[in-house]
Amino acid sequence: MHEESLVRALLNAASDVLKNAGGVRVLSLRVEVGPLSGVERLLVETAFERLVDDTPCRGAELLCETPPLVVRCRDCAHEFDASVLRFACPACGSLGTRIVSGDEFRLIDVTIVADDDAAATAPLTADSEKPTCPA
Amino acid sequence: MPSVTIPVNRPVDASLREQAARMRDEFRRQGTLVVNIVSSPGAGKTTLLEATAKHWGGRRRIAVLVGDIATDRDAERLAPWVPVRQLTTGGACHLELPLVQRGLADLNLPNLEFLFIENIGNLVCPASHDLAEHLRVVLLSTTEGDDKPGKYPKMFRTSQALVISKGDLLPYVPFDASRAVEDARRIQPELATVTVAAHRGEGVAAWCELLEAARSRMLALSPAAAK
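This section reports on the structure supplied with the text. As the structure is a computational prediction, the values presented were derived from the model and not from experiment. (Residues numbered from 1 in each chain as written. Chains lettered and ligands numbered in written order. Predicted model: local features only at pLDDT ≥ 70, side-chain atom pairs only at ≥ 80, totals over all residues. Heavy atoms only, no water.)

**A short note on the packing of helix α1 (residues 14-30) of chain B against helix α4 (residues 97-107) of chain B**
Residue and element names in this part refer to chain B.
Here is step 1: Two numbers describe how α1 lies on α4: the axes approach to 11 Å, and their chain directions differ by 35°. Taken together, the residues of α4 that come into contact with α1 (itself represented by L16, Q19, A20, M23 and F27) are L97, P98, Q101 and L104.
Here is step 2: Grouping the constituent residues of the contact of α1 with α4 by class yields seven nonpolar, two polar and no charged. (Axes fitted to C-alpha atoms, helices over the stretch in contact; angles between N-to-C directions. Helix = DSSP H or I, 4+ residues; strand = E, 2+ residues; numbered from the N terminus. Contact = heavy atoms within 4.5 Å. Nonpolar A, V, L, I, M, F, W, Y, C, P; charged D, E, K, R; others polar.)

Spelled out as structure tokens, the structure:
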């Protein structure tokens, strides 16, 4: 399975966003896991939980969305939901169809805390949820 | 909480995809059709490639990169017929682009007409990895069952050709070729199909014609390489 390496790439991408924006903390990553992405949502979520705290995205939340599998006919431009895995055009019968969405694992956006002042008032999600170890 | 949401809207593997697209374009300009051959283990990928090399008998400039988790048995089988490099993944269940790049550098054969990449036997993970191919071919052998396309939709959707292998066993196994093709075309309506019994050479001419036609279509997009 390749979910773990994809989640590493996802965390790298989000870490780059954080760095380029000069932010201090990632609050959340919103991703789309398409029905034909070849990626299993549950495995993405467990890999994320296992890996996130060793990255600059520490404490971030993963928000997974599942888009429909949308296909467009090249002949009549009809768009339809192919989640039942029938790809011929139901409107004109054409076999020439193209997937518009639903075959990708995409990073949609990254929500960050932008500066130190804001960070001081925004405790790490991970810290607030996990039992802390007294020093 | 003061926060800012920064849009990204890119596939997680975008940089590998872009790299694969650039390589594909470069191969097209060189006139090399790259063929990624996928199937479950034992479906007959290596046998088909042996038969292909024998059929062309040196009339086409071809080479093979062959992936396996362990051993170089497939490369040994192919070596008498075609320049070949083994890509050993050490446990990984699919080939990825960097391995292909390393194999290509090792092969060091410019101006190929066909480059075949024999993927790891696996109908799942290889479907998600673009190896810069122009043509993805999925083999389904008659001993595997005709219900497989619907069970592995991503692999069949992302392929352009279906080779039904071990066609000589059709009288002896409960495999309905028309049912398999119908199931696959529900997922990929434009799938080209050919049935072979590669170790006997049956269907190999039709398979090679399919490859030649795919290369001609690619060259038609690329006048510079067609001359």
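More follows now that the structure is in view.
**Looking at unusual backbone geometry**
Here is step 1: Although it is not a glycine, L85 of chain A sits at a positive phi angle of roughly 65°.
Here is step 2: Tracing the sequence through the fold places L85 of chain A in the loop between β4 (79-81) and β5 (97-101).
Here is step 3: You will see that K166 of chain B, though not glycine, has its phi angle at about 60°, which is positive.
Here is step 4: Structurally, K166 of chain B can be placed in the loop between β7 (161-165) and α7 (177-187).
Here is step 5: K166 of chain B sits in the partly exposed class, given a relative accessible area of 27%. (Buried < 20%, exposed > 50% of the residue type's maximum accessible area, 1.4 Å probe, protein only.)

**Describing the pairing of strand β5 (residues 114-118) of chain B**
Residues and elements named next belong to chain B.
Here is step 1: Burial analysis of β5 places five of its five residues in the buried class, the great majority of the element.
Here is step 2: The side-chain alternation of β5 yields two buried faces, one formed by F114, F116 and E118 and the other by L115 and I117.
Here is step 3: In terms of strand pairing, strand β2 (residues 33-38) meets β5 through five bridges, oriented parallel. Each residue of the ladder has a partner; that of L33, found in β5, is F114.
Here is step 4: Where strand β3 (residues 62-68) meets β5, five bridges bridge the pair, whose relative direction is parallel. If you follow L65 over to β5, its bridge partner there is I117. (Pairing = 2+ DSSP bridges.)

**Description of the pattern of salt bridges**
Here is step 1: Per the stated rule, a full pass over the model turns up 25 salt bridges over all chains.
Here is step 2: As a salt-bridge pair, R60 of chain B and E212 of chain B come within 2.8 Å of each other at their nearest N and O atoms. Remark: E212 of chain B occurs in helix α8 (residues 204-220) and R60 of chain B occurs in the loop between α2 (45-56) and β3; sequence separation between them is 152 residues.
Here is step 3: Between D183 of chain B and R186 of chain B there is a salt bridge whose closest N-O contact spans 3.0 Å. Of the two residues, D183 of chain B and R186 of chain B are both situated in helix α7; the distance of three residues between them amounts to about one turn of the helix.
Here is step 4: Given the relative accessible area of 30%, R186 of chain B is considered partly exposed.
Here is step 5: A single network of salt bridges, built from pairs that share partners, joins E104 and R106 of chain A together with D13 and R17 of chain B. (Salt bridge = Lys/Arg side-chain N within 4 Å of Asp/Glu carboxyl O.)

**Brief notes about the interface of chain A and chain B**
Here is step 1: Opposite the 36 residues of chain A that make contact, chain B presents 26 residues.
Here is step 2: Summed over the shared surface of chain A and chain B, the number is two salt bridges.
Here is step 3: The shortest N-O distance in the salt bridge between E104 of chain A and R17 of chain B comes to 3.2 Å.
Here is step 4: On inspection of chain A and its partner chain B, the count reaches 15 residue pairs in polar contact (both at pLDDT 80 or more).
Here is step 5: Within the residue set of the side of chain A that touches chain B, elements represented by two or more residues are α1 (3-20), β5 and β6 (105-113) of chain A. (Polar contact = N/O pair within 3.5 Å; in protein donor to acceptor, adjacent residues only side chain to side chain.)

**Topic: the sheet that holds β5 of chain B**
Residues and elements named next belong to chain B.
Here is step 1: Spatially, the seven strands line up as an open sheet ordered β4-β3-β5-β2-β6-β7-β8, and their pairing is parallel. Here the strands that pair on one side only, and so sit at the sheet edges, are β4 (84-88) and β8 (192-195). On average, each strand axis in the sheet is inclined to that of its neighbour by 20°, with strand direction left out of account.
Here is step 2: With respect to the sheet, α2 is in contact with β2, β3, β5, β6 (135-141) and β7, its orientation differing from that of β5 by roughly 160°.

**Focus: the environment of S40 of chain B**
Residue and element names in this part refer to chain B.
Here is step 1: Inspection of the secondary structure puts S40 in the loop between β2 and α2.
Here is step 2: A relative accessible area of 13% places S40 in the buried class.
Here is step 3: Counting along the chain gives 98 residues from S40 to V138, while the straight-line C-alpha distance between them is 9.0 Å.
Here is step 4: The contact partners of S40, leaving out residues within four places of it in the chain, are K45, G121, N122, L123 and E144.
Here is step 5: At 2.4 Å, the side chain of S40 and the side chain of E144 are in polar contact.

**Side note on the pairing of β7 of chain B**
Two faces make up the sheet, and in a regular strand the side chains alternate between them.
Residue and element names in this part refer to chain B.
Here is step 1: Counting buried positions along β7 yields five of five residues, so the element is predominantly enclosed.
Here is step 2: As judged from the five bridges shared by β6 and β7, these two strands associate in the parallel manner. Across the sheet, S141 pairs through a bridge with S165, a residue of β7.
Here is step 3: Pairing of β7 with β8, which is carried by four bridges, proceeds in the parallel orientation. From the neighbouring strand, V163 faces β8, where its bridge partner is V194.

**Remarks on the nonpolar core**
Here is step 1: The biggest cluster of nonpolar side chains holds 34 residues, and the ones touching the most others in it are F116 and W207 of chain B.
Here is step 2: For this core, the secondary structure elements donating two or more residues are β2, α2, β3, α3 (73-78), β5, β6, β7 and α8 of chain B.
Here is step 3: In this structure W207 of chain B touches I37, L48, T52, F116, V137, V163, V194 and V196 of chain B, once residues within four positions along its chain are discounted.
Here is step 4: In terms of nonpolar packing, the next biggest core, distinct from the first, is built from 27 residues, V17, V33, V39 and A60 of chain A among them. (Core = buried A, V, L, I, M, F, W, Y, C linked by side-chain atoms within 4.5 Å.)

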